[in-house]
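Spelled out, the chains give:
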Amino acid sequence: MRRTLLARDVRDAVLGACATAAGLLLASRVVAGLHVEHWWSTLAVALLVGALDTALRPILRPAAMRLGVPGAMVLGVLGQLVGVHVSLILVPGVDVSSWAASAATLGVVALVLVVVRWLLGADDRDYLVADLLRRARPAGGPSEGRRPGLVVVQIDGLGYPTLRHAIASGDAPTLAGWLRRGSHRAERWWSRVPSTTPAAQAGLLHGTNDGIPAFRWYDKAAGRLVVTNHPTDAALVEKRLSDGRGLLAGGGAAVSTMFSGDADTSLMVMSKAGGGGGLGPGGAYLRFFARPFVLARALMLTVGEILKEVGQSRRQRSRRVWPRVPRRGAYVLLRAVTNVLLRDLNVALVAEQMARGAPVVFVDLVDYDEIAHHSGVARREALDALAGVDAAIGTLERFAERCPREYQFVVLSDHGQSQGPTFAQLAGRSLEDLVAELIGVDGGQLVSATGEEEVWGPLATFLTDVPGGSSTRWAAGARHPERLGRNRRGDGHRAARDAAPGDGAVVAASGNVGLVWFPAMPGRVPVEALAERFPALVPGLLERPEVGFLVVDSARGPLAVGPHGVHVLRDGEVRGADPLVAFGPWAAADLLRVCSMPESPDVLVHSAYDEQAGEVYAFEELVGSHGGLGGDQNHAVLLHPSVWQIDPDLLDGSGGDEAVLRGADVVFRQLVAWTRRAGIRAGPGESGTAGQSPRRGPARAREDVEGAG
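Throughout this description, residue numbers start from 1 for each chain and increase along the sequence as written. Only residues with pLDDT of at least 70 are given local features in this predicted model, and only at 80 or more are side-chain atom pairs given and counted; all residues enter the totals for whole chains, interfaces and linings. As a rule here, side-chain values cover all heavy atoms of the structure and leave hydrogens and water aside.

Student: Would you take a moment to explain the packing of helix α7 (residues 173–181) against helix α15 (residues 380–400) for this structure?
Tutor: Helix-helix packing: each pair is described by the crossing angle between the helix axes and the interaxial distance. Think of each axis as a best-fit line through the C-alpha atoms, taken over the contacting stretch in the case of a helix, with angles from 0 to 180 degrees between the N-to-C directions. Strands are runs of DSSP state E lasting at least two residues, helices are runs of H or I lasting at least four, and both sets are numbered from the N terminus onward. Relative to each other, α7 and α15 sit at 60°, their axes nearing to 7 Å. When the axis of α7 is compared with that of α15, the two are oblique. Contacts between α7 and α15 pair Pro 173, Thr 174, Leu 175, Trp 178 and Arg 181 from the former with Asp 390, Ile 393, Gly 394 and Glu 397 from the latter. Its residues assigned to classes, the contact of α7 with α15 comprises 4 nonpolar, 2 polar and 3 charged. If an angle is under 35 degrees, it is roughly parallel; if it is over 145, roughly antiparallel; if it lies from 65 to 115, roughly perpendicular; otherwise it is oblique. Note on definitions: a residue-residue contact is assigned when non-hydrogen atoms from the two residues lie within 4.5 Å. Residues are grouped as follows: Ala, Val, Leu, Ile, Met, Phe, Trp, Tyr, Cys and Pro are nonpolar; Asp, Glu, Lys and Arg are charged; all remaining types, including Gly, are polar.

Structure, rendered in structure tokens:
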């Protein structure tokens, strides 16, 4: 194995040097101001650039630590430019006239590197982590002699049926190879309502998601909207949920997640981005940004992704593919950044944590989820993104062979996605417009939050670390304003705080779930009070064929009310036609749990579900959605080593033929049990990781999951 790794290292080094030299030769022909007299001079430049990179990085690291992630990016670019310019000046037989010529040379070399590696079929991300491979401590003996470790890769939004399709279509060769070799097993688990990233990831990382009824919700006591991919709100949610014994407690690392899981190292974690926490030390990012030609290559591929999106969107329109939503404006850039720059950065950050020997590393890769929202769940664009994620996992698997720990890999998702036309496309108006009409208010008395803020989460997190600025407002407001009332006033927090008095309402959306609150009416408003105050609301919503059912409170507790029947969630009594019959065996239990939370809405509006087409109708303008029930959105993925068996006592067989793990909190318990048995996590009576000091967090009464398994 070591001989194979050494051969791969030599191959990468030779390939990189030759490609760089070829790029310099091409640049000397096309860049005005660059002249190369001898071909061998290009090899000398390539070697000197690498040497200067090694020398400059320790000098730049202290400044990067102070300036944060964007500062590290700027310093990295400047460091690359300085290294190339100085190398071109110092090497005999090379003449460069200006800094502009050096910058153009940097771009040409990056382009040649991309083309050469594509022509040779080399894995592009091997180049990204090549220097990490060289500095990682060799295993030093048989794999049994290394300490165990775990890497958890969350493929955001990947449904179990879509994974099976991708394996059959050849779009997930890494994962397919694991299954064919028998090293891993693929399981389905049930992502409970709300089937959203905040709820699922809180459960996966902290073992509970109580008090998270949706992606965003209105807090009547605070008088404002809570949006979980705002750093301040994410921090407040984590503070309430964390007990210091999360999945990553005791030396673990969280990368690009919404919550930290009590990790000692948090990189691009939403809950740590605000309040001065930043995205982790800038020095952790400098290695990626300062690596010669890596950032330039990533930027070029980003431009290529923009052109790809424009072409694919046009093709979808010309073929009249349906359902579809407009794909233009800032989304084009967002897709390119998440699919190229952020994915490569995440791979590099995870590799660095593996190289330092973090016991558990958890990373969330959002590429597939982001594109499936706009293009469709199993369409070519989404499967291409999934193939890119699969390739990234393959890179990390190869990298693990040289790490100080013997890492096992678990690949899971937080939820799936369901497809369908949007509510507005079918009804001809938005949910907030319909609610305003039914309760008889004008736009000034209705505050709505039904925009696509979820998809801006990763980029907003990245930009939060800009010194002296709040990127969350910039990303979620100025660049892509939510639909906050009909006059689109301000950001969600401010607009919701100023919610209209009297009979005003707050309307939010979470995929195919709509949520309505009446701020002037305290507590959870029972249906009897709604009927008296707004007699047209409930019947008017149920008249729409796009609405499947409503959940409202009553003297008998929460009720699921459909056009032709009522389901009493607490005792299971059904009068008339059961409105939940099409939504699976756990629909009533999921809805009862959510609507028993103090944060739940006064009216939960759930879309209809077309069982023949497998389609739901989102209240956001997204063709792929999640948040409620129906379709594949609740069928999440858990792909785990075959030697790690699912604990029978954690399985729920009440849903029919297949017993599954039901709920992210149960998956957390299974992960904790696995890490304990593998010697990665401390045993019963301890809250830390084996060999690490436990980190104490705020105490919170809940089940002692450390005893699981």
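Student: Would you explain the side chain of Glu 187 in this entry?
Tutor: Mapped onto the fold, Glu 187 is located in strand β4 (residues 184–190). The class of Glu 187 is buried, set by a relative accessible area of 18%. A polar side-chain atom of Glu 187 sits 3.4 Å from a polar atom in the side chain of Arg 185. In contact with Glu 187, other than residues within four places in its own chain, are Tyr 160, Ala 636, Val 637, Leu 638, His 640 and Ile 646. Exposure categories follow from relative accessible area, calculated using a 1.4 Å probe and restricted to protein chains: below 20% of the type maximum is buried, above 50% is exposed, and the middle band is partly exposed. Pairing of N or O atoms within 3.5 Å defines a polar contact, subject to two protein rules: one partner must be a possible hydrogen donor and the other a possible acceptor, and residues neighboring in sequence count only if both atoms are side-chain atoms.

Student: How should the pattern of salt bridges be read in this particular structure?
Tutor: Where charged atoms from two side chains of opposite charge come close, those side chains can pair. When a carboxyl oxygen of Asp or Glu lies within 4 Å of a side-chain nitrogen of Lys or Arg, that pair is called a salt bridge. On inspection of all chains with the given rule, the structure shows 26 salt bridges. Between Lys 272 and Glu 238 there is a salt bridge, with its nearest N and O atoms 3.8 Å apart. Taken together, the positions of Lys 272 in helix α10 (residues 270–273) and Glu 238 in helix α9 (residues 231–241) put the pair 34 residues apart, joining distant regions of the chain. Residue classification places Lys 272 among the partly exposed residues on the basis of a relative accessible area of 31%. We note a salt bridge from Arg 327 to Glu 381, for which the minimum N-O separation is 2.9 Å. In this pair, Arg 327 sits in the loop between α12 (294–318) and α13 (330–355) while Glu 381 sits in helix α15, placing the two residues 54 residues apart along the sequence. Accessibility expressed as a relative area gives 5% for Arg 327, which makes it buried. Looking at Glu 381, the relative accessible area reads 7%, which means it is buried.

Any link to function would need more than the numbers given here.
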